[in-house]
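Residue strings, one per chain:
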Amino acid sequence: MTTPRFCPNYREARALFLQAADACGAKLHSVNLPLLGAQGEALGMDVAVHGPANASKVLMTTSAVHGIEGFCGSAIQTGLLQQLTLPPDVAVVHVHAVNPHGFSHARRVNEDNVDLNRNFIDFNQPLPVNADYAEIHALLLPEHWPPTPEQAAALQAQAQIWGDRRMQRAITSGQYQYPDGVWFGGLAPTWSHRTFRQVLQDHLGQARQIAWIDLHTGLGPHGHGERIFACTDTGPTLHRARQWWGADITSVDTGTSKSVPLSGPIQMAIYEECPQAQYTGICLEFGTLPLAQMILAMRADHWLALHPETPPAQQAAIRAAMREAFNPPSSDWQQQVWRQGLQAAQQAVQGLAKQP
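Residues numbered from 1 in each chain as written. Predicted model: local features only at pLDDT ≥ 70, side-chain atom pairs only at ≥ 80, totals over all residues. Heavy atoms only, no water.

Let's shift gears to the overall build of the protein. In terms of helices and strands, the protein carries 12 helices and seven strands. Taking 356 residues into account, the globule formula puts the C-alpha radius of gyration at 21 Å, and the protein, at 19 Å, falls close to it. Taken over 356 residues, the protein has a buried fraction of 59%. Residue pairs in contact within the protein that sit at least 24 positions apart in sequence constitute 82% of those at least 6 positions apart. (Helix = DSSP H or I, 4+ residues; strand = E, 2+ residues; numbered from the N terminus. Rg over C-alpha atoms; globule rule 2.2 N^0.38 Å. Buried < 20%, exposed > 50% of the residue type's maximum accessible area, 1.4 Å probe, protein only. Contact = heavy atoms within 4.5 Å.)

Next comes the structure, spelled out in structure tokens:
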């Protein structure tokens, strides 16, 4: 089992993914984002359909919903194209770089500062209100970076009042009132949101059974791939997911996950675009740094986006911290996450094959 190459930038990762898709005979479909990347390169959401296009059983993988997390997700998808064996009537649809702008610029958000995993809400309804976030927005993104000791102490004092879980939820569950803030869900469907829905219509409309592995990094113990249940039914569907992927599947709804419930996760789209299919899915979340360190890196990245006049040395330090938080350079980490990614995909394919 060869560990696929983890590329240093989006352009190389995209090229390697497209080469692997071509080499295994996968059908390629690309939608271009009308913006350029960090190196002046073209950006796009690429879809590789590996296996029969009319397969009734489909495994979908998604990478870079949170752009910078695509370094890991892309490597796993490329490795799967090279090494995953498919049984009859099972296909894999790899959606590469759901957020290509964030991937290219090594940011978690998209071109509009939107967290795509908070963007899949019904914008015809009143926007959700995160009152707790409003109380700490100014402390999370102070005028100067790093925060003063007094600002850090004030945020810590609030965490002691609320408790760690409520603080995590306040910061990360999603907010819609501060467009320049962290974990902003947007004011309308983004390009990635609209394009991804079209991908579901175009490439999963024939499927009767759908498995989905959404690849993420940044949360949990270093190198551990938490399998977070990503469906709304905690009855038969959760039972089926545990049959496929193991009894250690966690759930935000039962409080067993490192994650908290989110407003507008991307998984909501599959219920609306693929109502004909029985859907079973997980987020595969690979741990990197302790939660507080990860959130601090995120806050600094958002602050930097608001302060482009920041001296080059401080810019470099902030960007390096983001890489460490979402794409550790350790070869041991890369091997760990690849083994778990391959195993999860194999389990999904086997689970689909057994379905009637």
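This paragraph deals with the sheet that holds strand β3 (residues 57-62). Here we have seven strands laid out as an open sheet, ordered β1-β2-β4-β3-β5-β7-β6, and mixed in their pairing. The open sheet has two edge strands, β1 (27-36) and β6 (225-229), and neither has a second partner. Strand-to-strand twist in this sheet, taken as the mean axis angle between neighbours without regard to direction, amounts to 20 degrees. When β3 meets strand β4 (residues 90-96), the two strands line up parallel, connected through six bridges. Residue pairing across strands places Met-60 opposite Val-93, the latter belonging to β4. Each of β2 (42-50), β3, β4, β5 (209-222) and β7 (278-287) is contacted by helix α2 (residues 70-83), which is oriented at about 150 degrees to β4, the strand it contacts most. Along the sheet, helix α12 (residues 331-354) contacts β3, β4, β5, β6 and β7; its crossing angle with β5, the most-contacted strand, is approximately 155 degrees. (Pairing = 2+ DSSP bridges. Axes fitted to C-alpha atoms, helices over the stretch in contact; angles between N-to-C directions.)

The next subject is helix α11 (residues 312-326). With 15 residues, α11 extends 21 Å from end C-alpha to end C-alpha; this agrees with the ideal 21 Å at 1.5 Å per step. Packed against the buried residues of α11 are β5 and α10 (291-306). (Expected span 1.5 Å × (residues − 1).)

Let's shift gears to the pattern of salt bridges. Pairing between side chains of opposite charge can happen when the charged atoms of each approach one another. Overall, the coordinates contain nine salt bridges when judged by the stated rule. Measuring nitrogen to oxygen at the nearest pair gives 2.8 Å for the salt bridge that ties Arg-197 to Glu-273. One end of the pair, Arg-197, is in helix α7 (residues 191-203); the other, Glu-273, is in helix α9 (residues 268-273), with 76 residues separating them in the sequence. The structure contains a network of salt bridges with shared partners spanning Glu-69, Arg-108, Asp-115 and Arg-118. (Salt bridge = Lys/Arg side-chain N within 4 Å of Asp/Glu carboxyl O.)

In this section: the environment of His-66. Within the fold, His-66 resides in the loop between β3 and α2. For His-66, a relative accessible area of 2% puts it in the buried group. Residues His-66 and Leu-116 lie 50 residues apart in sequence; the distance between their C-alpha atoms is 6.9 Å. His-66 has contacts with Asn-99, Arg-108, Asp-115, Asn-117, Arg-118 and His-216, leaving out every residue within four places of it along the chain. At 3.3 Å, the side chain of His-66 and the side chain of Arg-108 are in polar contact. (Polar contact = N/O pair within 3.5 Å; in protein donor to acceptor, adjacent residues only side chain to side chain.)

To find leftover empty space, one rolls a probe the size of a water molecule over the atoms. If you add up the space inside the largest pocket, you get close to 560 Å³. Lining the largest pocket are 33 residues, with Asn-117, Val-252, Ser-259, Val-260 and Leu-262 sitting closest to its centre. Put simply, the parts of the chain that give the lining of the largest pocket at least two residues each are α6 (164-172), β5, β6, α9, β7 and α10. When residues of the lining of the largest pocket are assigned to their parent elements, the largest contribution, four residues, is made by β5. Roughly 460 Å³ of volume is contained in the second largest pocket. When contributions to the lining of the second largest pocket are tallied by element, the ones reaching two or more residues are α4 (131-140), α5 (149-162), α6 and α10. (1 Å grid on protein atoms, 1.4 Å probe; cavity = no way out; pocket = protein on both sides within 12 Å on 5 of 7 lines; lining within 4 Å. Points joined across faces, edges and corners; volume = space filled by probe spheres on them.)

Inspection of the secondary structure assignment puts Arg-240 in helix α8 (residues 236-245). Residues Arg-240 and Pro-290, 50 residues apart in the sequence, show an inter-C-alpha distance of 31 Å. Among residues more than four places away in sequence, those in contact with Arg-240 are Gln-278, Tyr-279, Thr-280 and Gln-355.

Limitation: the analysis is restricted to geometry and does not speak to function.
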